[in-house]
Amino acid sequence: MSRLRFLPAAAFFLLALDAFPPSTAAAGAQQLRPDYYADVCPNLESIVRDAVRMSVAHSPVAAPATLRLFFHDCAVRGCDASIMLINPDGDDEWRSLDGMTLKPEGFNTVMSAKAAVDSDPQCRNMVSCADILALAARDSVFLSGGPDYQVELGRYDGRVSTRGSVVIPHGTFNLDQLNAFFSGLGLSQADMIALSGAHTIGAASCGFFGYRVGAGTDAAMDPAFAEQLRGTCPGGVGVGGGFAFLDGATPLGFDNEYYRNLRGGRGLLGSDQALYADPRSRGAVDLYAADQEAFFDDFAAAMTRLGRVGARTAEDGEIRRDCRFPN
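Treat the numbers as computed from the prediction; the structure is a model and nothing was measured. (Residues numbered from 1 in each chain as written. Predicted model: local features only at pLDDT ≥ 70, side-chain atom pairs only at ≥ 80, totals over all residues. Heavy atoms only, no water.)

Peer 1: Is there a simple way to explain helix H2 (residues 44–58) in this structure?
Peer 2: Count 3.6 residues to each turn of an α-helix, and residues three or four apart come out pointing the same way. Over its 15 residues, H2 extends 21 Å from the first C-alpha to the last, a length consistent with the 21 Å expected when each residue adds 1.5 Å. Residues of H2 that are buried include every one of Leu44, Ile47, Val48, Arg49, Ala51, Val52 and Ser55, and no others. Where H2 is buried, its residues contact helix H3 (62–77), helix H4 (104–118) and helix H5 (129–143). (Helix = DSSP H or I, 4+ residues; strand = E, 2+ residues; numbered from the N terminus. Expected span 1.5 Å × (residues − 1). Buried < 20%, exposed > 50% of the residue type's maximum accessible area, 1.4 Å probe, protein only. Contact = heavy atoms within 4.5 Å.)

Peer 1: What is the right way to read helix H7 (residues 189–196) from this model?
Peer 2: The buried fraction of H7 amounts to six of the eight residues, a majority that puts the element mostly inside the structure. Asp191, Met192, Ile193, Ala194, Leu195 and Ser196 are the residues of H7 that are buried. Where H7 is buried, its residues meet H3, helix H6 (175–183), helix H9 (257–263), helix H10 (270–277), helix H11 (279–290) and helix H12 (292–306). The residue sitting at the N-terminus of H7 and contributing the capping side-chain oxygen is Ser188; that oxygen lies 3.3 Å from the backbone nitrogen of Ala190. (Polar contact = N/O pair within 3.5 Å; in protein donor to acceptor, adjacent residues only side chain to side chain.)

Peer 1: Please explain the state of the cysteines as it appears in this structure.
Peer 2: Two cysteines whose sulfur atoms are joined by a covalent bond form what is called a disulfide. Summed over the entire model, instances satisfying the criterion amount to four disulfides. The disulfide that involves Cys206 links it to Cys233, with 1.9 Å between the sulfurs. Here Cys206 and Cys233 share a disulfide; its torsion about the S-S bond, -80°, makes the bridge left-handed. Placement of Cys206 in the loop between strand S1 (203–205) and helix H8 (223–232) and of Cys233 in the loop between H8 and strand S2 (243–245) is noted, with a sequence separation of 27 residues between them. Cys233 carries the same exposure label as Cys206, and that label is buried. Each bonded cysteine in the chain gets a number by its place in the sequence, and the pairs come out as 1-4, 2-3, 5-8, 6-7. (Disulfide = S-S within 2.5 Å.)

Peer 1: Can you help me understand unusual backbone geometry in this one?
Peer 2: Negative phi values dominate among residues other than glycine, just as trans dominates among peptide bonds. Here Ala81, not a glycine, exhibits a phi torsion of approximately 60°, which is positive. As for its position among the elements, Ala81 is in the loop between H3 and H4. The class of Ala81 is buried, set by a relative accessible area of 0%. Positive phi, close to 60°, is recorded for Asn125, a residue that is not glycine. Looking at the secondary structure, you find Asn125 in the loop between H4 and H5. Asn125 sits in the partly exposed class, given a relative accessible area of 31%.

Peer 1: Looking at this model, I keep getting lost on the nonpolar core. Mind explaining?
Peer 2: Formed by 69 residues in total, the largest nonpolar core has its most connected members in Phe70, Met303 and Leu306. In this structure, Phe70 is in contact with Cys79, Leu133, Ala134, Ala137, Met303, Leu306 and Gly307, ignoring residues within four places of it in sequence. Residues Val213, Leu229, Leu246 and Leu269 belong to the second largest nonpolar core, which totals 13 residues. (Core = buried A, V, L, I, M, F, W, Y, C linked by side-chain atoms within 4.5 Å.)

Peer 1: I'm lost on the UniProt feature "site: Transition state stabilizer" (unreviewed entry) in the chain in this one. Help?
Peer 2: In the UniProt entry, the feature "site: Transition state stabilizer" (unreviewed entry) is given for Arg68. Within the secondary structure, Arg68 sits in helix H3. Residue class for Arg68 comes out buried when judged on its relative accessible area of 1%. (UniProt positions renumbered as here; feature names shortened; annotations may be inferred.)

Peer 1: How should the pattern of salt bridges be read in this particular structure?
Peer 2: Note on pairing: side chains with opposite charge can pair once their charged atoms come close. On inspection of all chains with the given rule, the structure shows 22 salt bridges. A salt bridge links Arg49 to Asp148; the nearest nitrogen and oxygen atoms lie 2.8 Å apart. In this pair, Arg49 sits in helix H2 while Asp148 sits in the loop between H5 and H6, placing the two residues 99 residues apart along the sequence. Arg49 sits in the buried class, given a relative accessible area of 15%. (Salt bridge = Lys/Arg side-chain N within 4 Å of Asp/Glu carboxyl O.)

Peer 1: How do you make sense of the packing of H6 against H7 when you look at a structure like this?
Peer 2: In a packed pair of helices, the relevant descriptors are the angle between the two axes and the axis-to-axis distance. In contact at an axis separation of 9 Å, H6 and H7 are set at 100° when each is read in the N-to-C sense. Relative to H7, H6 is oriented roughly perpendicular. In this structure, H6 uses Leu175, Leu178, Asn179 and Phe182 to contact H7, whose residues at the interface are Gln189, Met192 and Leu195. For the contact of H6 with H7, the class distribution of residues is five nonpolar, two polar and no charged. (Axes fitted to C-alpha atoms, helices over the stretch in contact; angles between N-to-C directions. Parallel < 35°, antiparallel > 145°, perpendicular 65-115°, else oblique. Nonpolar A, V, L, I, M, F, W, Y, C, P; charged D, E, K, R; others polar.)

Peer 1: Explanation requested: the packing of H11 against H12 in the structure shown.
Peer 2: Running from N to C, H11 and H12 cross one another at 115°; their axes reach a closest spacing of 5 Å. Contacts between H11 and H12 involve Leu287, Tyr288 and Ala290 from the first element and Gln292, Ala294, Phe295 and Asp298 from the second. Residues belonging to the contact of H11 with H12 are distributed by class as follows: five nonpolar, one polar and one charged.

Peer 1: Before we go on, may I ask you to explain the environment of Ala220 in this structure?
Peer 2: By the element assignment, Ala220 lies in the loop between S1 and H8. Counting along the chain gives 44 residues from Ala220 to Gly264, while the straight-line C-alpha distance between them is 9.3 Å. Leaving out residues up to four positions away in the same chain, Ala220 has contacts with Arg212, Gly265 and Gln273.

Now the structure itself:
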């Protein structure tokens, strides 16, 4: 299968949001189970993991890009791989201003995994792109040193993708704004804090955090860290191509250093540092900073709940033959 060259982007970021019918989400979530493809594609998980391993070995960007892609997908129309769709008129999610912050390595990881799955005659056109994306996100976490958790399967692919449906939270968000966004997905503050730990891998361009180190340096930021970032983003808001890792301590490793950074005022995005600045969420940050196993457990549980958002059934979805186009 040939790969589409998706446009390069300046940063990895959080999520996208749109309305999806609660009834659809409930019905879709009820059908999800880890062994959904046991009879039709028994080697599915090993096939996807091997493909993701190859992608990660090829580029260190692949793991965080794939993980961000899953977040964006689930938060727009639910976990239906609508982020992968290409519309001839250009009106699709990934070509929205916010969607284009996603890196092409994430899309290509999913496309490669889809090709690997379909190369098995038993599996060809039997597994949804939405489920392949969910598995690829889990494997990206695991292959970066994170938890290896069960993924519920049985999602169908959506048929619709529009630029106007994409709305994402900003790096300037405070705790109330973050909670409002995640609440719209049916997720709690605890889920949000655990999922934010995905920022232990990946990077952001200066445009997302440069304002914090400009003329009015953010008081919540460690002064030495701010000085370091000024060298990366000399123009403050960073119109240029500079970037910084979301977790500068272990940028390629999925661990709890992200939370330790927050305790030291070294959160890159304002929305990250807000988790420690606000006493209502500080306790969870302290817990995860001290106990990586607790973070891993809660992250896996939150990813499972995220993966249920807007899950489609055969009644309102399909299994795409090509992840980029409806059948």
